[in-house]
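Here's the letter readout for the chains.
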Amino acid sequence: MSLPTPKKAWNWLERSRVGRSVFRVGIPKSNLERAQAMVSSFLLHVQPAKVSRRALKPSTTLGLGLISLYLLFILTGTGILLMFYYVPATDRAYDAMKDLQFVVSAGLVIRNMHRWAAHLMVMFVMLHLCRVFYTGAYKRPREFNWLIGIALFLLTLGLSFTGYLLPWDQLAFWAITVGANIAAYAPLVGPKLKFLLLGGNTVGQEALIRFYTLHVIVLPALTFFMVSVHLWRVRKDGGLASPDESADRVEKVAIPDLPTNKSYGLMELTRLTSPQVGKDPEDEVFSWPNLVFREILLFLLVVAVVLFLAVFWNAPLEELANAVHPPNPAKAPWYFLGLQELVSYSAFWGGVVAPAILVTALVLLPYLDRRKEGVGQWFAPERRTANTVFTLFLIVAIVLTVIGSVFRGPNWGWVKPWAQPPAATEGH
Amino acid sequence: MTEEKPSRLYPAFIVLGILVSVLTGAAYYRDEFRDWKDYQRQFIREEMRRASTPQQRQLAASIPVQIRQIVLPDLRRVDRCTTCHLAVEDPTYGGFPQPLAYHPLHEQHPFDKFGCTVCHRGQGHATTTVDAHGNVPHWDQPMLPLRFIQASCGQCHEASDNPAAPELARGEQVFETSGCRGCHKLGGVGGVIGPELDRVGGRRSADWLMSHFRSPASVTPDSAMPPQKFSQPELEAITLFMLSQTGESITGFYASMKVVPSAVQGRHLFQQKGCIGCHSVAGKGGSIGPALDDVGLRRKPEWIMQHFRDPQSVTPGSVMPRFGFNEAEVLALTEFVLHLRDQNVALSLPSLMSPVERGKEIFRKYGCAGCHGQEGKGGVPNPNAKTGEQIPSLVHVADGYTRAELINVISLGRRQIDALDPKRPQPPLYMPAWGGTIEPAEIADLASYLFSLKPKGDELGF
Amino acid sequence: MSTPIPDKTTSRRNFVQLTCGWLVAAFAVAASSAAAVRFLVPNVLYEPNLRFKAGRPDDFPDGSVTFLEDERVFIVRQGNTYRCLSAVCTHLGCTVGRSEQGFHCPCHGSSFDEMGKVKGGPAPRGLEWFMVTLSKDRHLLVDKSERVDPDKYLVL
């Protein structure tokens, strides 16, 4: 009996009863099928059947949110693999890291990918936040999605922070010691919070297992849940924020309170931004294949970048954690260095008040900013004040981080990074 | 079809809600109200009652109600006994009813370094009374009855000659003289008919052990071990010794006291290091160094100790090498050398003994008496054996065997024992092959000893 | 298919039942959440005990400053008063050593006087003093969880 040709095999997949039970729509060949493919697929139906051309342009959002999501996928995949070798015990964690580095096939590359993807994700989540701000995409009706985004930002920081301890080397141990000490500066609850976080008074076995549990299941579960809500809200809020949508149209929705006995009656009761009424057909294209294919391309790009970094630069692994040999200076992870710089001036004002004000401002932003202009536009002139204020904060944050990173040396004193070889205690 | 009314389900909602709440409350109650909290409050009340100044009263009132534990990473355990036994270090609670009684004799083994269970056994993890005392399923080490407490000393210290644990030393002595090793290995030395005893103390309780000694077949069906005829004190002593054999490996700090510096240990070292090669005792030995018989009269103990540490420092030009003894060994050797005038000690050096004397020691060491009786007199039952349903006595081996034949039997053993009645089960006890365990030189000495057992003037032959 | 339609006018009984049901459910949820949070607070620690026995009072000669390596403290005796000073530098946690007029940290050069106050170097504050009491069996009992002022000491 001869082997089936690829064409025959493909036909079988598409047309046989077995094939059709799994893939309800084959490769779409008509517009109807293109729409059906999106709507009938579990994974794809997070996307609408059609998107505006504007949404396909890279300059609209720079794809920052998607990049963050892809980095999360890469982190989850590499993270799960790493879990097969890593042991969260103070007498075994470091050795497990060395094993991954030296004896596990692809261990070095996978660990490197995990580390670089982690740093990139923190960076890209921050960039995504900036993009959403600068395009005014937090305004009504997207306020709640902005809040979810803030929550995701904090979850990302939490994931990075909890993961930072796991290698149990000097870098990990002291970064977390500094971080936990900063947390303890919170008034009233600070020391209790530190005790709960560490499971004791010192960074030891209890802290390691708590951080591990948070890092591999608690925070990822919360993150995936919130990401799902975040993406769902993007759809329900009318897709990517665009200058074409006006607030009035949103206003026009009147939810009828007459019961209907149609099965899609529920859909009629939601916001009328979808299905899109009154939009030109030329403005829209089918998600399959235009959007989906671009998303795949972007994923490949992200993987390529992470792989590139992983192949040519090793993630750091310093000496085994040693509680009696603090490095001087002991630095927090880079995304907390700005905070550490502030703390060096005042523990309370810099370590507690400043971040509290920052988070509160971010949370209240969409409710305080009721102006409707500039949605979906980069650096809209109507939003000059808001953009300027935000940019100032951004510059201050970057400057503080840079100071903490390269201009601070032993005893947190000033150093000229060009005058001497870079200190081995640079945070990565 | 009737209309759906959710309100029909409301009563069920309430009932289930109440059920869940009540069960949550029950779970909370079970978790929150623990025995140990009652004992701690009792202790606090007692402390407050005893307080005579407001300062003391305040100190007593501020005692927290919390679990107390002693973490012992080197002993791989954590003991929470002090959660209830709060007054163990306070002499003023001597004789107070448990669990608040004082624990005397803890100066040598402070609680924070030794905990409790390493001596008393029991389940240190537990915080409920029954579980902590360990008489529960799936816990191998229940608390030792107090009369057997010296068994625990044997885990870290050598059993013989520990002045603080005479019962343990007694138990070891009973063990060695009863010939248990003839069938059982302990510390790698012994016969193979019965199981090895290195871990028996960790697996069996005192009651089981005592029943086993009195009637093995009653606790171990099909046991070939004959019932042992111990007096009650001997029975308790050997049970205690067996309880000390837990097979636990003791690490570092705790093993450093294994050698209680004593004359007996000194004798081991003296033999091991070959001191007799240069020094003489009771006229036997080398002549490079001085005779040691009266060194205790001539030199102070401090001098002798320093001499062991560094001979050249007290005797310039001495050719005695530095052996690198640790302090315990220095003490042990000094003790031994000071007691050399005691004849028994001197003559117990194997290199100074005659073959018959050495053979007697080997007879004892490998437990031959366990099967062949004390001094080879026999009398140990071996059901259905042709040799009078007993293990043969050795008193007349000189008549029945040549030297070579005797050495052969000892080395190769005799697996097949002729049965009296072929229809009955095979005799359970046999002669193991000792060739792999006992050195040829030792077997030769053993043969000499056995030949010497024949009563003088007895010319009866087989 | 008929869809469930709540009556516009719910009876009082229904209202009470529903409210009770939700109250009880809320209580159950609150209680479980409280239990979960309490679960996360550790009751025992595997760290070295902060309260320890330093030895008998007579083990320390008059006028001595004795370093206890495992606990990283100094026991200071003057006459019949006993104090305990932390040997952990307040800068970054290195162990300080004795110097002529007090203590000195080898790591970054902080120096402290006899009473633990900062004399120089990067240390932000003085060395800590811990509570010393006498245990029931007459040993010095140090409690590193209780910080005290240097003018609080044990008098025998």
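Since this is a predicted model, take the numbers as computed values, not measurements.

## Side note on the overall build of chain A
Consideration 1: Scanning chain A from N- to C-terminus turns up 18 helices and 2 strands.
Consideration 2: Counting the 428 residues in chain A, one finds 30% classified as buried.
Consideration 3: Considering only contacts within chain A whose residues lie at least 6 apart along the sequence, 75% involve residues at least 24 apart.

## Points about the sheet that holds strand β6 (residues 102-104) of chain C
Residue and element names in this part refer to chain C.
Consideration 1: With antiparallel pairing, 4 strands are arranged side by side in an open sheet as β5-β6-β7-β8. Only two strands of the sheet have a single neighbouring strand rather than two, namely β5 (97-99) and β8 (118-120).
Consideration 2: Two strands pair when backbone bridges link them, and β6 and strand β7 (residues 111-112) are joined in this way by 2 bridges, in the antiparallel orientation. The residue bridging His104 from the neighbouring strand is Ser111, located in β7.

## Description of the domain arrangement of chain B
Buried accessible area, meaning the area lost when the parts come together, often serves as the stated size of an interface.
Consideration 1: In terms of domain boundaries, chain B breaks down into domain 1 (35-133), domain 2 (146-250), domain 3 (259-351) and domain 4 (354-451).
Consideration 2: Look at where the C-alpha atoms of domain 1 of chain B and domain 4 of chain B centre, and you get two points 55 Å apart.

## Quick look at the pairing of strand β4 (residues 81-86) of chain C
All names here are of chain C.
Consideration 1: The element β4 is largely enclosed, with a buried count of 5 among its 6 residues.
Consideration 2: The turn linking strand β3 (residues 73-78) back onto β4 is made up of 2 residues, and Gly79 within it adopts a positive phi angle of 65°.
Consideration 3: Where β4 meets strand β11 (residues 154-155), 2 bridges bridge the pair, whose relative direction is antiparallel. Bridge pairing in β11 links Thr81 to Val155.
Consideration 4: Relative to strand β9 (residues 129-134), β4 runs antiparallel, the two sharing 2 bridges. Opposite Cys84, over in β9, you have Phe130 as the bridge partner.

## Re the interface of chain A and chain C
Consideration 1: Taken together, the contact between chain A and chain C spans 14 residues of the former and 13 residues of the latter.
Consideration 2: Along the lines of polarity and charge, the residues of the side of chain A that touches chain C split into 5 nonpolar, 8 polar and 1 charged.

## Regarding the interface of chain C and chain B
Consideration 1: Counting from both sides, the interface comprises 22 residues of chain C and, opposite them, 23 residues of chain B.
Consideration 2: Looking at the side of chain C that touches chain B, its residues break down into 12 nonpolar, 7 polar and 3 charged.

## Re the environment of Arg370(A)
Consideration 1: Summarising the element assignment, Arg370(A) is placed in the loop between α17 (347-368) and α18 (384-407).
Consideration 2: Judged by local crowding, Arg370(A) falls into the exposed class, with 8 C-beta atoms found within 10 Å.

## Section: the packing of helix α7 (residues 166-178) of chain B against helix α11 (residues 232-243) of chain B
Residue and element names in this part refer to chain B.
Consideration 1: Running from N to C, α7 and α11 cross one another at 100°; their axes reach a closest spacing of 7 Å. On the basis of their axis angle, the class for α7 and α11 is roughly perpendicular. The residues of α11 that touch α7, namely those facing Glu167, Leu168, Arg170, Gly171, Glu172, Val174 and Phe175, are Glu234, Ala237, Ile238, Leu240 and Phe241.
Consideration 2: Across the contact of α7 with α11, the residue classes break down as 7 nonpolar, 1 polar and 4 charged.

## Concerning unusual backbone geometry
Consideration 1: Residue Pro289(A) is reached from Trp288(A) by a cis peptide bond, and omega for that bond is 5°.
Consideration 2: Mapped onto the fold, Pro289(A) is located in helix α15 (residues 287-312).
Consideration 3: The peptide bond linking Gln98(B) to Pro99(B) adopts the cis configuration, its omega dihedral lying at 10°.
Consideration 4: Mapped onto the elements of the fold, Pro99(B) is located in the loop between β2 (77-79) and α4 (111-114).
Consideration 5: Its identity as a non-glycine residue notwithstanding, Arg76(B) has a phi of 50°, on the positive side.

## Re helix α2 (residues 35-50) of chain B
Residue and element names in this part refer to chain B.
Consideration 1: Along its 16 residues, α2 runs 23 Å from first to last C-alpha, staying within 8% of the 22 Å computed at 1.5 Å per residue.
Consideration 2: Along α2, the residues that are buried comprise Trp36, Gln40, Phe43 and Glu47. Viewed end-on, α2 has its buried residues packed into an arc of 60°, placing them on one side of the element. With respect to the buried face of α2, the exposed residues turned more than 90 degrees away are Asp38, Arg41, Arg45 and Arg49.
Consideration 3: Those residues of α2 that are buried lie in contact with α3 (54-61).

The rules we used
Residues numbered from 1 in each chain as written. Chains lettered and ligands numbered in written order. Predicted model: local features only at pLDDT ≥ 70, side-chain atom pairs only at ≥ 80, totals over all residues. Helix = DSSP H or I, 4+ residues; strand = E, 2+ residues; numbered from the N terminus. Buried ≥ 20, exposed ≤ 12 C-beta atoms within 10 Å, placed from the backbone. Contact = placed C-beta atoms within 7 Å. Pairing = 2+ DSSP bridges. Domains from an automatic or database assignment. Nonpolar A, V, L, I, M, F, W, Y, C, P; charged D, E, K, R; others polar. Axes fitted to C-alpha atoms, helices over the stretch in contact; angles between N-to-C directions. Parallel < 35°, antiparallel > 145°, perpendicular 65-115°, else oblique. Expected span 1.5 Å × (residues − 1). Arc of directions from axis to C-beta.

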